[in-house]
Amino acid sequence: MGKMEQENDNLIYGNNYSLLVGDQELASYHQQNIPSYQDNPLIGTLPGIWTEDDYLEMLTYDPGVEEELRYLSPDERMHVLFETGNFFMPMTIHYNIATKISIALRSGLVFRNPIKPTFRKDVLERIAATEPGENNTGEKGPRVRNFPSRASGFTIIGTSGVGKSYSLETILMLYPQVYYHSQYKGQPFTFIQITWLKIECPYDGLISSLCTNFFDAVDNILNTQYHKNYVDKRGSTIQSKVKGMKTVCGNHCVGLLVIDEIQRLKAAKNGGDSLMLNFFVQLVNMMGVPVILVGTPKAKVLMSEEFSQARRASGMGDVVWDRMSNDDDWKCFLEGIWDYQYVQKPVKLNERFIDVLYEVSQGIIDIAVKAFLLSQMKAIVDKTETLTEELIRTVATESFHLANPILTALRLGDTDALKRYEDVELESLDYYLRKMLNSNGKETGIQEDAKKPHEVSKKPVSNSKNHTSNSKPSEGIKVEPTPRRRSKKPDTQNTGLIKIVREGENKNLTAYEALSSEGYIKDPQEYLNP
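Residues numbered from 1 in each chain as written. Predicted model: local features only at pLDDT ≥ 70, side-chain atom pairs only at ≥ 80, totals over all residues. Heavy atoms only, no water.

1. Some thoughts on helix H12 (residues 328-338)
Of all the positions in H12, only Trp330, Cys332, Phe333, Leu334, Gly336, Ile337 and Trp338 are classed as buried. Near the N-terminus of H12, the side chain that reaches the backbone nitrogen of Asp329, with its oxygen 3.1 Å away, is that of Asp327. (Buried < 20%, exposed > 50% of the residue type's maximum accessible area, 1.4 Å probe, protein only. Helix = DSSP H or I, 4+ residues; strand = E, 2+ residues; numbered from the N terminus. Polar contact = N/O pair within 3.5 Å; in protein donor to acceptor, adjacent residues only side chain to side chain.)

Now the structure itself:
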């Protein structure tokens with residue numbers, strides 16, 4: 001099996017990708033009011049259909065602001081600011097995505113019912129219908145046959161930093177990832193159900209690599225040996241891997257398959273992007289597995305006519321998650337985090353602060369949050385203990401050297417200027433914090449597991465009824481700093497970017513490919529409004 005390491009309770013890192021791991025439960029069953037959902041154990045074991053208020057309560061996490069914490073020592077307040085990273089406030093867009101997931105998950109299982117005597121035969125026939133051979137027209141190609149299916153898929157397209165991946169993962173974690181069935185309505189029923197699986201599109205855009213990631217993911221979740229059976233097996237081919245992936249999806253009735261970083265298909269050569277998208281269409285139409293594609297605006301050009309039509313039939317529509325505009329939604333976003341001031345002289349939010357934070361971030365949540373927190377850290381270090389517009393501008397200018405040319409181009413709407421810049425990714429919050437403290441002759445004791453400096457914990461948020469705003473803008477607020485471990489004697493040849501590049505060389509990757517696979521490279525043009 002591919003080498004993977006457990007980093008925390010819910011996130012596993014493998015070969016150039018990460019895997020979200022959810023809960024596993026023994027199946028219990030609930031009454032279904034919708035006729036098509038009845039007498040199906042796979043649907044009956046799912047949680048009830050939640051309302052908007054239910055999602056609000058389950059997804060919201062507000063640790064609350066304790067005023068006395070503002071009078072802790074400067075070093076202690078640095079840690080308190082990092083605790084702000086647990087705050088999450090769901091918005092309308094989260095409810096929309098959660099509803100789509102709920103519908104796609106259940107509708108995709110309607111015609112996949114393992115208690116029916118024809119279930120196994122149906123799975124085999126669906127697989128065979130997608131295999132190359134002589135079809136019913138007498139020509140070479142997949143065998144043509146229509147199977148009943150209500151499976152649907154949709155895409156989530158959003159610029160980097162808006163929180164689309166984290167939000168999607170938080171919603172998925174509301175559902176147990178695996179159910180173990182043993183008995184249904186008094187009859188023996190042994191079955192292992194995979195409710196959802198989220199993997200990343202391989203950066204090389206190859207179906208073979210996707211299948212390998214898929215087998216590794218299932219093996220890590222179920223402790224199976226699909227990688228050994230379909231990848232390591234002598235004589236393994238792309239066709240055998242594809243057939244194996246369809247077989248596993250069919251045998252475990254995978255409820256949702258989420259493919260993140262779909263824009264990586266642009267790296268595929270010789271029509272590999274079309275082959276991959278057609279493969280997804282087969283999973284939806286023939287195997288009945290709903291597929292959700294997640295990516296940056298770069299992925300828009302990849303959406304083939306075939307996949308668009310497959311999604312259009314569902315009537316669910318896609319989700320476009322852009323950087324925010326300076327409007328009421330932006331104000332609500334800032335109101336949500338503004339109470340989290342741990343300087344000793346907090347200030348009230350006003351139009352000037354609203355405008356200056358938009359000016360320095362251009363509506364990119366990740367940058368806005370970093371500017372807000374770093375400005376407080378600067379005020380604590382400098383002992384001014386308050387936020388000002390000038391301070392926020394200064395911190396943004398000094399901290400975001402790589403992003404500033406791009407932000408300037410966004411302010412001016414200069415598309416030509418954006419085309420001149422290479423892809424850029426911001427460093428973690430702790431990187432800027434350490435840089436700021438070192439420039440003031442201080443060091444921070446905030447630590448992290450240095451193996452993955454750009455990744456964040458994907459732990460499910462705790463339930464809370466606290467909600468900081470009655471408004472529901474189109475964006476959510478997630479402040480998630482990543483601490484780093486500071487080495488006393490850093491080995492500059494075997495750490496950081498150099499280490500990533502060298503490890504990539506061992507895998508025959510260029511420096512660009514290695515850095516891209518680790519999330520250090522983004523396309524500045526994705527931040528342009530369409």
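2. Considering the pairing of strand E13 (residues 291-295)
Across a regular strand the side chains alternate sides, sitting on one face of the sheet and then on the other. In terms of residue burial, E13 counts as a mostly covered element, since five of its five residues are buried. Sheet analysis places strand E8 (residues 154-158) next to E13, joined by four bridges and oriented parallel. Residue pairing across strands places Phe154 opposite Ile292, the latter belonging to E13. Here strand E12 (residues 256-260) runs beside E13; their pairing, made up of three bridges, is parallel. Within E13, the position partnered with Leu257 by the bridge is Val291. Handedness of the crossover joining E12 and E13 through helix H10 (residues 272-285): right-handed. (Pairing = 2+ DSSP bridges. Right-handed = clockwise from strand over helix to strand, strands pointing away.)

3. Considering the packing of aromatic side chains
Applying the stated criterion across every chain, the model contains 14 aromatic pairs. With a centroid separation of 6.1 Å and 75° between ring planes, the pair formed by Phe119 and Phe191 is classed as edge-to-face. Separated by 72 residues along the polypeptide, Phe119 in helix H5 (residues 119-129) and Phe191 in strand E10 (residues 187-194) bring together distant segments of the chain. Judged by its relative accessible area of 6%, Phe119 is buried. For Phe191, a relative accessible area of 5% corresponds to the buried category. Ring centres 5.9 Å apart and planes at 5° place the aromatic pair Phe189 and Phe191 in the stacked group. Classification of Phe189 as buried rests on a relative accessible area of 8%. For Lys100, the ring lying beneath its charged end belongs to Phe154, and the centroid distance is 5.9 Å. (Phe/Tyr/Trp six-rings, centres within 6.5 Å; stacked < 30°, edge-to-face > 60°. Lys NZ or Arg CZ within 6 Å of the ring centre and 35° of its normal.)

4. Remarks on the pattern of salt bridges
The tally for this structure, following the rule as stated, stands at ten salt bridges. Its salt-bridge partner being Glu385, residue Arg77 comes within 2.7 Å of it at the nearest N-O pair. Here the residue Arg77 occupies a position in helix H3 (residues 74-83), and Glu385 occupies one in the loop between helix H14 (365-382) and helix H15 (389-399), the gap between them amounting to 308 residues. A single burial state applies to Arg77 and to Glu385, both of which are buried. Connected via shared salt-bridge partners are Glu169, Lys198 and Asp260. (Salt bridge = Lys/Arg side-chain N within 4 Å of Asp/Glu carboxyl O.)

5. Quick word on the side chain of Gln341
Position of Gln341 relative to the elements: it lies in the loop between H12 and helix H13 (351-361). Among the polar contacts listed, one links the side chain of Gln341 to the backbone oxygen of Trp338, at a separation of 3.1 Å. Each residue touching Gln341, except ones within four places of it in the same chain, is listed here: Arg70, Pro346, Val347, Phe372, Gln376 and Leu387. (Contact = heavy atoms within 4.5 Å.)

6. Notes on the pairing of strand E11 (residues 196-200)
Counting buried residues along E11, five of its five residues qualify, which places the element largely inside the surrounding structure. Going residue by residue along E11, you find Trp196, Lys198 and Glu200 tucked away on one face and Leu197 and Ile199 tucked away on the opposite face as well.

7. Brief notes about the sheet that holds strand E9 (residues 178-184)
Taken together, the three strands give an open sheet; going across it, the order is E4-E9-E10, and neighbouring strands pair in mixed fashion. The open sheet is flanked by strand E4 (24-26) and E10, the only strands paired with a single partner. Neighbour to neighbour, the strand axes of the sheet diverge by 10° on average, direction disregarded. In terms of strand pairing, E4 meets E9 through three bridges, oriented parallel. Looking at E9, one finds that Glu25 is bridged to Tyr179. (Axes fitted to C-alpha atoms, helices over the stretch in contact; angles between N-to-C directions.)

8. Let's talk about the side chain of Arg112
Summarising the element assignment, Arg112 is placed in the loop between helix H4 (92-107) and H5. Buried and unpaired, Arg112 has no salt bridge, with Asp122 as the nearest side chain of opposite charge at 7.9 Å. In terms of polar contacts, Arg112 uses its side chain to reach the backbone carbonyl oxygen of Gly108, at 3.0 Å. If near-sequence neighbours (up to four positions away) are discounted, Arg112 is found in contact with Asn40, Leu42, Cys249, Cys253, Val254, Gly255, Met287, Gly288, Val289 and Pro290. (Lys, Arg positive; Asp, Glu negative; His and termini not counted.)

9. Focus on the packing of H12 against H13
Between H12 and H13, the shortest axis-to-axis distance is 11 Å and the interhelical angle comes to 100°. Overall, the two elements H12 and H13 adopt an arrangement that is roughly perpendicular. Counted together, Trp330, Lys331, Leu334 and Trp338 of H12 and Glu351, Phe353, Ile354, Leu357, Tyr358 and Ser361 of H13 form the full contact between these two elements. Residue classes in the contact of H12 with H13 are distributed as seven nonpolar, one polar and two charged. (Parallel < 35°, antiparallel > 145°, perpendicular 65-115°, else oblique. Nonpolar A, V, L, I, M, F, W, Y, C, P; charged D, E, K, R; others polar.)

10. Here's the deal with the environment of Ile354
The residue Ile354 is located in helix H13 in this model. Judged by its relative accessible area of 4%, Ile354 is buried. Setting aside anything within four residues of it in sequence, one finds Ile354 in contact with Asn326, Trp330, Lys331, Leu334 and Leu349.

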